[in-house]
Amino acid sequence: MRYKIACSAERLGLLDPPMIESVVAANAFQIGRQYMTENRVRIVDADETQISAAVIGHSGLYEQTIKLKDGHLVSKCSCTLSEEPMCRHCIAALLEYHRWTQPRQSQKGKTSHATTAPPEPAPMNDAQPKPSSVPDIKLSDVMQFVAWLEPAMKAIENGGEIPAPPDVGPGTVGAWIANLTNLELRRRENQQTLLDLQAEMRDREAYLDRLSQQLQASIAEAKAAQSALHTLQRETARYQTTLAQAAALVEEVMGQEAEIRTAARELLNKAAHLDALTDSFHELTDSLHLSLKQPSTK
Ligand SMILES: [Zn+2]
């Protein structure tokens, strides 16, 4: 699906989540944000005016391209959803791009957006206990942590399941353990995503193979059709020659017929002459008879 939204931003990084939320459908935004937080989005390539991304949706992998062009935000996705003016996958890609560019923007110092400025530290209040500069670390917790760390690191190296962390309660060591387990969880999620992507790639390759086989079959069919056409053309040419010969023959026959008629007319004329001659001959014979009879009567 391809959609176009009027947009005055000059860089895609300026499109923050509230801005995106204000122009798209609420349901699509919610799902897009869920995809982003579930780490289903991969930015394939991006600059300030264009993003190429891939999103693992509920029923497959979809590809997006999002561009800022001539005062418009043009989004395109390989899905068939009719979510307007932008599908959940494109929303997820935009949100991921925003998250992706955020740390780099804040490193450059304060931006013009007041909302991106870091919050002011709360003023110290004497009534509250002063935060201690010494972290709340108990030696027993550290010992438990170190004992857990070794098998945990081995498990991570071997790709196995990390052992259950020691129950040290809240505190600095607890935070270390939570961070480590979160990191490991995230790594596993990434690995799963990678595996899913690889499976998807294999599916696509198989699909491409099938397509190329179909293409080859179509080419072979087209060649066969072409050769049949050539045969037909040759036969047509042969028929045309035969037809021309037949026409010449008809013309010749007609010419001979005319000659025959002329000859017949001439024959009839001659017959008429012959009749006239016969008549004259009869008359002559008659007069001869008469002249022969007359002397005998005298
Ligand atoms: Zn989509």
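Before reading further, recall that the structure is shown in the block above.
In this report, we go over the structure that sits alongside the text. Going along each chain's sequence as written, the residues are numbered from 1 onward. It should be noted that, the model being predicted, local features are given only for residues of pLDDT at least 70 and side-chain atom pairs only at 80 or more, the latter also being counted only at that level, while totals for whole chains, interfaces and linings use all residues. Only hydrogens and water are set aside when side-chain values are computed; all heavy atoms of the structure are taken into account.

## What to know about the overall build of the protein
Strands here mean DSSP runs of E at least two residues long; helices mean DSSP runs of H or I at least four residues long; both are numbered from the N terminus. A tally of regular secondary structure across the protein gives 5 helices and 5 strands. The secondary structure elements of the protein, listed N-terminal to C-terminal, are β-α-α-β-β-β-β-α-α-α. In the protein, of all internal contacts separated by at least 6 residues, the share reaching a separation of at least 24 is 60%. Throughout, a contact is declared for two residues whenever any of their heavy atoms are within 4.5 Å.

## As for the coordination of the zinc ion
Reference geometry at the metal: tetrahedral coordination by four donors gives ideal angles of 109.5 degrees; octahedral coordination by six donors gives 90 or 180 degrees. Coordination of the zinc ion by the protein is provided by Cys77 (SG), Cys79 (SG), Cys87 (SG) and His89 (ND1), with metal-donor distances spanning 2.1 to 2.3 Å. Here a donor is any nitrogen, oxygen or sulfur atom (N, O, S) within 2.8 Å of the metal, with 3.2 Å used for Na, K and Ca; water is not among the atoms considered, so some sites may look incomplete. Labels for metal geometry use angle windows, namely 85 to 135 degrees for all angles of a four-donor tetrahedral site, and for square planar (four donors) or octahedral (six donors) sites opposite donors over 155 degrees apart plus all others within 65 to 115; sites meeting none of these are irregular. For the zinc ion, the 4 donor atoms are set out with angles of 103 to 114 degrees between them, so the coordination reads as tetrahedral. Each donor residue of the zinc ion lies on one chain, and together they are spaced C-x1-C-x7-C-x1-H. In this structure cysteine 77 comes out as buried when scored by relative accessible area, which is 6%. Think of it in three bands: with a 1.4 Å probe and only protein chains considered, a residue is buried below 20% of the maximum accessible area for its type, exposed above 50%, and partly exposed in between.

## A closer look at the pattern of salt bridges
Each salt bridge in this description consists of a side-chain nitrogen of Lys or Arg and a carboxyl oxygen of Asp or Glu lying within 4 Å of one another. All chains considered together, the criterion is met by 9 salt bridges. Between glutamate 83 and arginine 88 there is a salt bridge, and its shortest N-O distance comes to 2.6 Å. By relative accessible area, which is 14% here, glutamate 83 ends up buried. The class of arginine 88 is buried, set by a relative accessible area of 14%. Residue glutamate 96 is joined to arginine 99 by a salt bridge in which the shortest nitrogen-to-oxygen separation is 2.9 Å. Within this pair, glutamate 96 and its partner arginine 99 are both found in helix α3 (residues 88-107), separated by 3 residues, close to a single helical turn. A cluster of three or more residues bridged by salt bridges with shared partners is formed by Glu63, Glu200 and Arg204.

## Digging into the sheet that holds strand β5 (residues 72-77)
For two strands to pair, DSSP has to find at least two bridges joining them. Strands sit in the order β1-β5-β4-β3-β2 across an open sheet of 5 strands; the sheet is antiparallel. Each end of this open sheet is capped by a strand with a single partner; those strands are β1 (2-6) and β2 (41-46). Along the sheet, successive strands turn relative to each other by an average axial angle of 20 degrees, direction set aside. By the bridge criterion, 8 bridges tie strand β3 (residues 50-57) to strand β4 (residues 60-69) in an arrangement that is antiparallel. When the sheet's bridge partners are listed, glycine 57 is paired in β4 with glycine 60. What counts as an axis is a line fitted to C-alpha atoms, over the stretch in contact for a helix, and the angles between N-to-C directions run from 0 to 180 degrees.

## Focus: the pairing of β5
In this structure, β1 lies alongside β5, joined through 5 bridges in antiparallel fashion. By the bridge assignment for β5, lysine 4 is matched with valine 74. Sheet analysis places β4 next to β5, joined by 6 bridges and oriented antiparallel. Of the residues in β5, the one forming a bridge with lysine 69 is histidine 72. Between β4 and β5, which follow one another and run antiparallel, lie 2 residues, and aspartate 70 among them has a positive phi close to 45 degrees.

## Focus: helix α4 (residues 139-158)
Taking 1.5 Å per residue as the helical rise, α4 with its 20 residues ought to reach 28 Å, and the 29 Å between its terminal C-alpha atoms agrees with that figure. In this scheme, the bend at a residue equals the angle between the axes fitted to the seven residues that finish there and the seven that begin there. The largest bend along α4 measures about 30 degrees and falls at leucine 149, with the proline proline 151 one to four residues further on. Taken as a whole, α4 has its buried residues at Asp141, Phe145, Trp148, Ala152 and Ala155. Downstream of α4 by a residue or two, glycine 159 has a phi angle that is positive, lying close to 75 degrees. The span one expects for a helix is its residue count, reduced by one, times 1.5 Å.

## Quick word on the nonpolar core
One finds Leu12, Leu73 and Leu94 to be the most contacted residues of the largest nonpolar core, which totals 32 residues. Broken down by element, the residue count for this core peaks at 7 residues, all from α3. Setting aside anything within four residues of it in sequence, one finds leucine 94 in contact with Leu12, Leu15, Ile20, Ile51, Ile66, Leu73 and Met86. The term nonpolar core refers to a set of buried residues drawn from Ala, Val, Leu, Ile, Met, Phe, Trp, Tyr and Cys, joined through side-chain atoms within 4.5 Å. Grouped together as the second largest cluster of nonpolar side chains are 8 residues, Trp148, Ala155, Ile162 and Val173 included.

## Concerning the pairing of β3
Remark: a regular strand shows side chains that alternate across the two faces of the sheet. When you tally the buried positions in β3, you get 7 out of 8 residues, the bulk of the element. Of the strand pairs in this sheet, β2 and β3 are connected by 5 bridges, and their pairing is antiparallel. Within the sheet, the bridge partner assigned to alanine 46 lies in β3 and is isoleucine 51. Linking β2 to β3, which pair antiparallel, is a turn of 3 residues.

## Concerning a nonpolar patch on the surface
Two distance rules govern patches: like charges are joined within 9 Å, and nonpolar side chains (Val, Leu, Ile, Met, Phe, Trp, Tyr) within 5 Å, applied only to residues with over 30% relative accessible area and no salt bridge. Note that accessible areas follow from Shrake-Rupley with a 1.4 Å probe, and for residues the cover is restricted to the protein chains shown. On the surface, Tyr207, Leu208 and Leu211 cluster together into a nonpolar patch covering about 300 Å² of accessible area. In this structure, tyrosine 207 sits in helix α5 (residues 172-297).

## Observations concerning helix α2 (residues 26-37)
Between its terminal C-alpha atoms α2 stretches 17 Å, which fits the 16 Å expected from 12 residues at 1.5 Å a residue. Within α2, burial applies to Ala28, Phe29, Ile31, Gly32, Tyr35 and Met36. Phi for asparagine 39, located one or two positions after α2, is positive at around 65 degrees.

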